[in-house]
Amino acid sequence: CTRVKTAWFLLWVSPFVCALVTGMLAAFCAINGTMVDMNDTSRAEKALKQFFMMVGVIVMVMWVAASIASASMRLTGTIYSFCGAGLAALFAWGYLEIGTKLINSQMKHSKFMGQLMSIFQNDWFRACVVCGFNVTIPTFFAVEVLRAKVRRLRNTTTSKSWTTTEAQLAWGFLEEWQWASIFMKVNLLCMLYWGMSIGVAKITVVFLAWLNEALASWSYLAVNITLFLIAEFLMMLPPTPGIPVYIIMGIILAGQGRNVEGVGYGGGLTIGIVSAFLVKEVSVVGQYSIGFFMGKSVKIQQLVGVDKVAIRAVEKIMMRKQVIGKVAVLVGGPDWPTNCLCGVLRLSLWTCCWGTIPVITIIGACVMAGAFLAGPKEIMTDSEKSMWSAIANTALVLSGVVQLVAGVIAMYYIQSVVSTEGEELARTRPEHEPVFELTRAEEAFRVTYAEVLRWDSLPKPWLFLLAVSASMMVGSIFLFQFMDALCFVNFQVNDKVSDPDGLNCGSNLGCAIFRLVRGDTPIGWGALGIFFFACFLHFIFSSYVGWVAKKRLAAKTADLPTVAEPPTKVDH
C-alpha cells in the first residue's frame, strides 16, 4: 500500500512540478525573446543576468526539494529530474541564443562578465559540474566513440580519429582543468551532500519517529516541555533539517491533543504551531549568539568571508530600513548559515528576530502537515488515511513554495546590491585588516599546496588513488540519489519503529537506524561501503598532499636568503 500511495502522489504532484519549472523557463524566454535586443550589449548583459538568476532559482528549487525529502517524502528524485532538464534547457538557450561571440565581447567590456568567468574558472564550480553531470560525462564520450565508429563503417567521414570532432573539442577543454584539485573538491561536496541529505536527515526522521512512540504514554504537559527542549537541541545542530522537526511537533501535539479534554485536535494543532514558532525564534537567538562569539576569531571571519562582496551585500540589505529584503534573507536562507552570519557581522539581534516572524507561514504548513498525517481521529479507514496523507503532502509542498519564493526574492536583492554598489562593497575596510593579514600570511602555503596538487606533478599511484576515490564517491552518491528505494526502507516520520511490517525494532533506536538500510538487496550496504571506502582513500590522499606541501614550504623558507642587519653604533 505504501508504494501505491507514493506512486499515486508522485503522479498527482508531477504535473504541478513540471508546470512550475517550465513556467519559469517559459517566462524567462518570453521576456528575453520579445524585449531584449541581442545586438545591444547592455541589454544582452541584462539577459545574461536574468539567465543566471534563473539558474539560481532552479538551484533554489533543488535545495527546497532536499529539505522536503528530509521529511521522508519521495519527491526529491522527481523534482531533481525536472530541475536537471530545466538547467540543461537554460544552458542550451544561453549557448545558442546569446552565443559565444557576444559573451566574449562582453568579457572585454563588462565587469559582470568578468566576475562570471572567474566563477566558471573556479575549481569549486567545476567540481559542482562534475557532481551534477556525474555518469553522463563518461557516457557522452562513450556515445561519441560509437558515433565515430558508425561514421567510419558507413563511409560518411574520412577521419581516423577514435572519436568525433565535438568530443575532441570537449576533451581539449577538459584537459585544461586542474583535475587533482577538482577531484578533491568533488569528494568534499559528496561528503557534504551525504551528511546533510542522507546521514543526518534519515537518522533524524528515525529518531523523531522513535520519539513519537516513546512520548505516547506521557502527560500532555510533559510532552510539550520535553518536545520543545529536544526540538531546540536539534535545531541548534548545524546539519539538522528543520522540516521534520516541525512535522513531528504537529504529529505529537495534535495527535495526543485529540485525547486531552479541553485541548482537542484543533487545540493541539494550534499549540504545535506556537511551540514550533517559539523553537524557531529561540534557535535564531542561539545561532546568532554562536556567530557573535565565534565571530571574534579572525579565522572564522575569514571562513565566513566578511571581506567578500556577496557577504557585504547581505550586510547592506540587513542594515537598510527596507523590510522586504531583510525578511527574504532571513526566511529564504538556510537557518544556520544565515543566523550565524548575522552574529558574525554584528547585526541587530532584534532585527533578526522580528524579521524571522513571517517564517510562521512555512512552520505552520509543516506543523499542519504533521497534524494531517496524525489525522483528526485515532482510528481511520484506509480511504481516510489516504485523504489526510494527500492533504499533508500538499501542505508540505506549499511550505516549500513559500520558502522558494522568499529565497528567490533574497537572491534578487543580493544581486541588485552587488550590481549597483559592487565597487563600494569591494573597498578595503579598516576593521577587516586582520582578515587580509591572515589571508596574506596563509598565501604561501596555499600556493605551495596548489603546486603539489598539479596533475602533472603528482606521482601516478597517487593520481590513480585520487581518481578512484572521486569515481567511487560520485558513483555512490548516484546510487543514493536515483536508487533510494533500493537502498533504504521507505520510512516516514509518522511511521512507527515498532511496526512488524516496517522496521520491527520495538523501542530499540539503534536497531531502527541499522534496519533503515534494506537488507533484501545488496545495493544499500554496497553503496555505503563504496562511499566510506572512498572517504578513507580521500583521507589518505589529503594527508599525503598536506605533508608534501608543508615539507616543500619548509624547504622554500630555508632556502630564502637572510637579510643582514645593519651594524649598530657602539659608543666608546
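This text goes with the structure placed above it.
Residues numbered from 1 in each chain as written. Predicted model: local features only at pLDDT ≥ 70, side-chain atom pairs only at ≥ 80, totals over all residues. Heavy atoms only, no water.

1. Some points on the overall build of the chain
Reasoning step 1: The helix and strand inventory of the chain stands at 24 helices and zero strands.
Reasoning step 2: Expressed as a percentage of contacts within the chain between residues at least 6 apart in sequence, the contacts between residues at least 24 apart total 79%.
Reasoning step 3: A total of about 29,700 Å² of accessible surface is found on the chain, and carbon and sulfur atoms cover 68% of it. (Helix = DSSP H or I, 4+ residues; strand = E, 2+ residues; numbered from the N terminus. Contact = heavy atoms within 4.5 Å. Areas by Shrake-Rupley, 256 points an atom, 1.4 Å probe, with all protein chains shown as cover.)

2. Focus on the state of the cysteines
Reasoning step 1: Tallying each qualifying case throughout the model produces one disulfide.
Reasoning step 2: Free of any disulfide, Cys340 has its nearest neighbouring cysteine sulfur in Cys342, separated by 9.2 Å.
Reasoning step 3: Since its relative accessible area comes to 11%, Cys340 is described here as buried. (Disulfide = S-S within 2.5 Å. Buried < 20%, exposed > 50% of the residue type's maximum accessible area, 1.4 Å probe, protein only.)

3. Remarks on the side chain of His432
Reasoning step 1: Mapped onto the fold, His432 is located in the loop between helix 19 (382-425) and helix 20 (433-452).
Reasoning step 2: The contact partners of His432, leaving out residues within four places of it in the chain, are Val306, Asp307 and Arg312.

4. Structural notes on helix 15 (residues 323-332)
Reasoning step 1: Counted residue by residue, helix 15 has eight buried out of 10 residues, so it is predominantly covered.
Reasoning step 2: Every buried residue belonging to helix 15 is among Gly325, Lys326, Val327, Ala328, Val329, Leu330, Val331 and Gly332, and all of these are buried.

5. Brief notes about the pattern of salt bridges
Reasoning step 1: Scanning all chains against the criterion turns up 14 salt bridges.
Reasoning step 2: Of the charged contacts, one joins Glu424 and Lys316 as a salt bridge, the two residues approaching to 3.5 Å between their closest N and O atoms. Taken together, the positions of Glu424 in helix 19 and Lys316 in helix 14 (residues 309-319) put the pair 108 residues apart, joining distant regions of the chain.
Reasoning step 3: Since its relative accessible area comes to 41%, Glu424 is described here as partly exposed.
Reasoning step 4: Exposure remark for Lys316: the relative accessible area of 27% places this residue in the partly exposed category. (Salt bridge = Lys/Arg side-chain N within 4 Å of Asp/Glu carboxyl O.)

6. Observations regarding the packing of helix 6 (residues 123-133) against helix 9 (residues 179-214)
Reasoning step 1: Two elements in contact, helix 6 and helix 9, have axes separated by 8 Å at closest approach and are oriented at 65°. Relative to helix 9, the crossing made by helix 6 is right-handed. Contacts between helix 6 and helix 9 involve Asp123, Trp124, Arg126, Ala127, Cys128, Val130 and Cys131 from the first element and Trp179, Ser181, Ile182, Lys185, Val186, Leu188, Leu189 and Cys190 from the second.
Reasoning step 2: Among the residues making up the contact of helix 6 with helix 9, the classes are represented as 11 nonpolar, one polar and three charged. (Axes fitted to C-alpha atoms, helices over the stretch in contact; angles between N-to-C directions. Left-handed = near helix turned anticlockwise from the far one by under 90°. Nonpolar A, V, L, I, M, F, W, Y, C, P; charged D, E, K, R; others polar.)

7. Focus on the environment of Gly422
Reasoning step 1: By the element assignment, Gly422 lies in helix 19.
Reasoning step 2: Judged by relative accessible area, which is 15%, Gly422 ranks as buried.
Reasoning step 3: For Gly422 and Ala310, which are 112 residues apart along the polypeptide, the C-alpha to C-alpha distance reads 8.8 Å.
Reasoning step 4: Not counting the four nearest positions on each side in its chain, Gly422 is found in contact with Val309 and Val417.

8. With respect to a nonpolar patch on the surface
Reasoning step 1: Residues Leu221, Ile225 and Leu229 make up a contiguous nonpolar surface patch of roughly 320 Å² in combined accessible area.
Reasoning step 2: Residue placement: Ile225 occurs in helix 10 (residues 220-235).
Reasoning step 3: The partly exposed category is assigned to Ile225, whose relative accessible area is 46%. (Patch = residues over 30% accessible without salt bridge, like charges linked within 9 Å, V, L, I, M, F, W, Y side chains within 5 Å.)

9. With respect to the nonpolar core
Reasoning step 1: Counting 53 residues, the largest nonpolar core has Ile247 and Phe491 as its most contacted members.
Reasoning step 2: Taken together, the elements giving at least two residues each to this core come down to helix 9, helix 10, helix 11 (242-257), helix 12 (264-294), helix 15, helix 18 (360-374), helix 19 and helix 23 (509-515).
Reasoning step 3: Ranked by size, the runner-up nonpolar core spans 41 residues in total, among them Val130, Cys190, Ile198 and Leu528. (Core = buried A, V, L, I, M, F, W, Y, C linked by side-chain atoms within 4.5 Å.)

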